[in-house]
Amino acid sequence: MAKELERLQVTIEADPRKLKQGAGEAKKSVKDMTASINRDIEKIKSPAKNMAGNETMAMLNNTKAMIKNTIADIKSGALGGVMADGIKDYVKEAQIAAGIKVYTDDYLQLGRDIESAQKSLEKLNAKKNAMSDTDIWEETEAYKETVKAIGAAEEAVRKLKAQQSSMTDQDIYEETEDYKELSKCIDAVKKRLDSLDARQEKMKAIGIKKNSKSWKSLQYDIDEAKKTLTEYEMDEANMKADGSARQYSKKWNDINESVRRATAELESYKAKKAGMEADGSMMRHTKKWDDITAAIQRAKSAAAGYEGRRKAMKLSGKDTEFTGGLANQSWTKSAGAALSAV
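Residues numbered from 1 in each chain as written. Predicted model: local features only at pLDDT ≥ 70, side-chain atom pairs only at ≥ 80, totals over all residues. Heavy atoms only, no water.

Among the surface-exposed residues, Asp223, Glu224, Glu231 and Asp235 lie close enough to one another that they form a single negatively charged patch. Mapped onto the fold, aspartate 235 is located in helix H11 (residues 213-242). By relative accessible area, which is 38% here, aspartate 235 ends up partly exposed. (Patch = residues over 30% accessible without salt bridge, like charges linked within 9 Å, V, L, I, M, F, W, Y side chains within 5 Å. Areas by Shrake-Rupley, 256 points an atom, 1.4 Å probe, with all protein chains shown as cover. Salt bridge = Lys/Arg side-chain N within 4 Å of Asp/Glu carboxyl O. Lys, Arg positive; Asp, Glu negative; His and termini not counted. Charge placed at Lys NZ, Arg CZ, Asp CG, Glu CD. Helix = DSSP H or I, 4+ residues; strand = E, 2+ residues; numbered from the N terminus. Buried < 20%, exposed > 50% of the residue type's maximum accessible area, 1.4 Å probe, protein only.)

Structure follows, in structure tokens:
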């Protein structure tokens, strides 16, 4: 009640005209209601004398006292010129305090429902606040699949590199086409020399003179062949020295390409994983978290629904009812209407 008066006081200070208007209307409505009550009391005064201890007479007296107190409060400024809603609440509280009115069962049940919903909400919030990070968050399926792919790619790279390491020079290298051609030329010159040497031995066997034309011609061919062989062998040595004699084999190139592709794939997965970690898409709320937040929302909605229904009952005046014999008195209805009009 104190809070309501405090809010009404703010309204009064903000607009004095509404203060005067509200006070005037309140005084007139309460005076009219008091006159009506006095008339009805006079009608039942004789029977009431024989019912001095009757509960109804006590309630009537309480009602009259409450009305007088309300008028006195307005005159003294205790109500501070409250507006219509404030007067209704003030009078209602006075009626309840005097035992003239009570809250309806439906209104009280709504209060219990609200309290139950609030307690449920408190328990749910406490449970939510006690949840650890592992209760709240879990890795997304996409992130799990990426981590799994990284593991598979790392294993593939490891196996390929192990296979590379086990390869011999013969597996890794092969002769270049130029070196192969040079080797063929060397072999051909060597064969020619062998043939020339055999011919020379035969000529010696048959006694061909060294100053003969045929001998000299043979010696010339032998010298040219040796000269050619020497040149080829020098070319061969140079090619071996500068590395042009060999190249990587197809087998090596194939496995090396496999390593390159597997490594690139691995780096791609790692980049994807890093991106998911950076933008937070690696994590999602757990089902446990979703369930409790949904339960909290349902509890809030239920509490709000109960509050809305209770407010509607209060605005319509269905939150309270007259007690005992007063409930059927004709003046209580007109009094209720008068207060509702305030």
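Let us look at the side chain of glutamine 164. Assignment of secondary structure puts glutamine 164 in helix H8 (residues 141-165). A distance of 2.9 Å separates a polar atom in the side chain of glutamine 164 from a polar atom in the side chain of asparagine 256. (Polar contact = N/O pair within 3.5 Å; in protein donor to acceptor, adjacent residues only side chain to side chain.)

We now examine helix H12 (residues 250-279). Between its first and last C-alpha atoms H12 spans 43 Å; for 30 residues at 1.5 Å apiece the expected length is 44 Å, and the two agree. Those residues of H12 not exposed but buried are Trp252, Ile255, Val259, Ala262, Leu266 and Met276. The inward-facing, buried residues of H12 contact H8, helix H9 (169-172) and strand E4 (246-248). Positioned one or two residues after H12, glycine 280 has a phi angle of 85°, which is positive. (Expected span 1.5 Å × (residues − 1). Contact = heavy atoms within 4.5 Å.)

Below, the discussion takes up the side chain of threonine 320. Looking at where threonine 320 falls in the secondary structure, it is placed in strand E6 (residues 320-322). Owing to a relative accessible area of 9%, threonine 320 belongs among the buried residues under this scheme. Setting aside residues up to four positions removed in sequence, threonine 320 forms contacts with Lys92, Ile96, Lys101, Val102, Tyr103 and Thr104.

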